[in-house]
Amino acid sequence: MNKADSERMAGILEAMGYFQASTELEADLVLYNTCTIRDNAEQKVYSYLGRQARRKRTNPNLKLVLAGCVAQQEGEALLRRVPEIDLVMGPQHANRLETLLTQVDTGQQVVATNDSHIVEDITTARRASKVCAWVNVIYGCNERCTYCVVPSVRGKEQSREPTSIKLEMEGLAIEGFKEVTLLGQNIDAYGRDLPGITPSGRRENTLTDLLNFIHDVKGIERIRFATSHPRYFTERLIESCSNLPKVCEHFHIPFQSGNNEILKLMGRGYTIERYRRIIKQIRERMPYAAISGDVIVAFPGESEEQFNETLAIIEEIGFDQINTAAYSPRPNTPAATWPNQLPEEIKVARLKKLNQLVENVALKVNSKYKGNTEEILVEGINPKDKNQFMGRTRTNRLTFFESTLAKEDSYKPGELVQVNITNIRAFSLSGKAI
Ligand code: SAH
Ligand code: SF4
């Protein structure tokens, strides 16, 4: 989500005539797009800002912008902490960057953190990839997970109109993009805030409807979406995914904990039994699908047994990949105020054990690829080995492969190549093009 926001803001700057400096210490304008999901992400920005503040003392024309979730969380307090900042802007204001910079030009310090209707993204994002693009479909989050800062910094859910999403995808296809990942914090909530009810009383602007609506955009070969929420994930969605050939066989469904008591305290609104059922339904219809998720360990009060249940579910389900984190208390969240916080040693030990297991399980799961032929969407050259191309399977596995063609006939980014998989590692595959 943050990368997508960064790409849009970079696009706005480019349209204004800025170009990328070779280092952040040479730039006339520096914009940090910040993350506050955990404390260590937040702390990073202060050390970056310190360096820029020193530069500004000798270079008063330097413009210093703090965007993103730390900006939203801290607001005006940031100007007191780092008075050299020109603009503090929350994530809901990303698309308004140009207007806000115009205000800065009149000599004021500007703070844009009020709740705001997100203006439609009419700018051309400066996308890092020429092949795979992010497309926001819903901003914000209306959930209240007790550990999570996102609802307070990204605001209420705001869905984009299906026609605007399709229009953006058509534009991407014309530019040569092949893959689109639809983005939302809780993408299953897509359309809840849009009008539209069918005669049978069903909402007609669901994620499933959106997938059907955008599926046939010519030129886009692969469609992904994230993040799914087990509370709202539907069988109808799985059925559609299995019938829509461009929708890739990969689901990112965070489960956070394997213990029902902890899930309840987290305010997640589902049980681990429901989670198991979802995975079973996916595997019945799409046996080859990859499943990934997010997990938090050492949530306040989590016992050793409860932690072990998280480990057990990872083995049982056989996850392809998991984003792991130790619980970090966040401002304005209920769990941060609870007295039963766990000590740092437990956090570190559990996270280490978890990461080891995640790696072992991923390696085991990957063995299914050995000897297979996989369709790889080429993204470029392996930065660590110029003789190899790099891309992903439909299941989102990073894959490196060698060409069997002469160099000058090599594959171009955006090409789909059949690759015979010969080597597997925990988080990547390698092989030879057929
Ligand atoms: N909307 C998504 C993910 C949002 S944040 C969802 O609901 O799953 C991404 C991940 O960061 C979360 O899934 C969670 O695993 C992790 N996370 C969020 N808040 C955290 C906190 N306070 N401490 C540790 N990890 C956290
Ligand atoms: Fe945070 Fe929960 Fe919303 Fe995800 S669903 S962004 S974890 S509040």
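First, a word on what this report is: a plain description of the structure on this page. Treat the numbers as computed from the prediction; the structure is a model and nothing was measured. The residue count restarts for each chain, going from 1 along the sequence in the order it is written. Following the order in which they are written, the chains are lettered starting with A and the ligands numbered starting with 1. Note on the predicted model: pLDDT of at least 70 is required for a residue's local features to be given, and 80 or more for side-chain atom pairs to be given and counted; whole-chain, interface and lining totals, by contrast, use all residues. Water and hydrogen atoms were dropped before computing side-chain values, which therefore reflect all heavy atoms in the structure.

Notes on the sheet that holds strand β10 (residues 250-252)
So, point 1. At least two DSSP bridges between two strands are required for those strands to pair. The helix count covers DSSP runs of H or I at least four residues long, the strand count covers runs of E at least two residues long, and both are numbered beginning at the N terminus. A sheet is described by the order of its strands in space; here three strands give the open sequence β10-β11-β12, paired in parallel fashion. Single-partner strands in this sheet number two, and they are β10 and β12 (321-326). Between one strand axis and the next, the sheet turns through 10° on average, direction left out of account.
So, point 2. Pairing of β10 with strand β11 (residues 290-297), which is carried by three bridges, proceeds in the parallel orientation. Counted as the bridge partner of H250 is A290 from β11.
So, point 3. Any pair of residues with heavy atoms lying within 4.5 Å of one another is described as a contacting pair. Note on geometry: axes are lines fitted to C-alpha atoms, helical ones only across the stretch in contact, with angles between N-to-C directions running from 0 to 180 degrees. Against the sheet, helix α11 (residues 272-285) touches β10 and β11, its axis set at about 165° to β11.
So, point 4. Relative to the sheet, helix α13 (residues 344-366) contacts β11 and β12, its axis offset from that of β12 by approximately 175°.

Structural notes on the side chain of N136
So, point 1. Positionally, N136 belongs in strand β5 (residues 132-136).
So, point 2. Taking the relative accessible area as the measure of exposure, N136 reaches 4% and is therefore buried.
So, point 3. Within 3.5 Å is the distance limit for a polar contact, defined as a pair of N or O atoms, with the added protein rule that one can donate a hydrogen and the other accept it, and that residues adjacent in sequence qualify only through two side-chain atoms. Here R8 takes part through its side chain, which lies 2.8 Å from a polar atom of the side chain of N136.
So, point 4. Beyond its immediate stretch of four places on either side in the chain, N136 contacts M1, A4, R8, R160, I165 and L183. Exposure classes here rest on a 1.4 Å probe applied to the protein chains alone. A residue is buried below 20% of its type maximum, exposed above 50%, and partly exposed in between.

Here we look at the side chain of R224
So, point 1. Within the secondary structure, R224 is located in strand β9 (residues 222-226).
So, point 2. Taking relative accessible area as the criterion, R224 reaches 7% and is therefore assigned buried.
So, point 3. Within the structure, the side chain of R224 is placed 3.1 Å from the backbone oxygen of T393, a separation counted as a polar contact.
So, point 4. A distance of 2.8 Å separates a polar atom in the side chain of R224 from the backbone oxygen of R394.
So, point 5. What R224 contacts, discounting residues up to four positions off in sequence, is E179, V180, T181, L182, C248, H250, T393, R394, T395 and N396.

Examining the nonpolar core
So, point 1. Side-chain atoms within 4.5 Å link the members of a nonpolar core, which is a set of buried Ala, Val, Leu, Ile, Met, Phe, Trp, Tyr and Cys residues. Membership of the largest hydrophobic core comes to 68 residues, with the highest contact counts inside it found for L182, L211, F225, F255 and I314.
So, point 2. Apart from the residues within four sequence positions on either side, L211 is in contact with L182, I223, F225, L237, C241, L244 and V247.
So, point 3. Counting 17 residues, the second largest nonpolar core, distinct from the first, contains Y46, L66, L78 and I85.

Re the site of ligand 1
So, point 1. Around ligand 1 lies a shell of 15 residues, among which Y147, Q185, Q256, D294 and S328 are the nearest.
So, point 2. D294 is positioned such that a nitrogen or oxygen atom in its side chain is 2.6 Å from an oxygen atom of ligand 1.
So, point 3. Calculation of accessible area relied on Shrake-Rupley with a 1.4 Å probe; when residues are assessed, cover is drawn exclusively from the protein chains displayed. Its free accessible area being 530 Å², ligand 1 has 88% of it covered by the protein chains.
So, point 4. Those elements that provide at least two residues to the shell around ligand 1 are β11 and β12.
So, point 5. Under the scheme applied, nonpolar residues are Ala, Val, Leu, Ile, Met, Phe, Trp, Tyr, Cys and Pro; charged residues are Asp, Glu, Lys and Arg; polar residues are all the others, including Gly. Considered class by class, the residues forming the shell around ligand 1 number seven nonpolar, four polar and four charged. We call a residue near a molecule or strand whenever a single non-hydrogen atom of that residue lies within 4 Å of it.

Examining unusual backbone geometry
So, point 1. The linkage connecting A226 with the following residue, T227, adopts the cis geometry, with an omega of 5°.
So, point 2. Locating T227 in the fold gives a position in the loop between β9 and α9 (235-243).
So, point 3. Not every positive phi belongs to a glycine, and Q256 is a case in point at roughly 70°.
So, point 4. In this structure, Q256 sits in the loop between β10 and α10 (260-266).
So, point 5. What makes Q256 buried here is its relative accessible area of 7%.
So, point 6. Even without a glycine there, the phi angle at N396 is positive, about 80°.

Focus on helix α1 (residues 2-15)
So, point 1. Taking 1.5 Å of rise per residue, 14 residues should cover 20 Å, and α1 covers 20 Å from first to last C-alpha, within 8% of that figure.
So, point 2. Among all positions of α1, only A4, D5, E7, R8, M9, A10, G11, I12 and L13 are buried.
So, point 3. Taken from the residues just after α1, G17 is the one with a positive phi, measuring 105°. Expected span, for any helix, means 1.5 Å times one less than how many residues it has.

Side note on the site of ligand 2
So, point 1. Every residue close to ligand 2 is listed here: C141, E143, C145, Y147, C148, V150, P151, Q185, H229 and R268.
So, point 2. Across the shell around ligand 2, the residue classes break down as six nonpolar, two polar and two charged.

Overview of α13
So, point 1. The terminal C-alpha atoms of α13 lie 33 Å apart, and with 23 residues this matches the ideal 33 Å at 1.5 Å per residue to within 8%.
So, point 2. Listed in full, the buried residues belonging to α13 are K347, R350, L354, L357, V358, V361, A362, V365 and N366.
So, point 3. Turning to α13, the residues buried within the fold contact β11, α12 (304-317), β12, β16 (416-424) and β17 (428-433).

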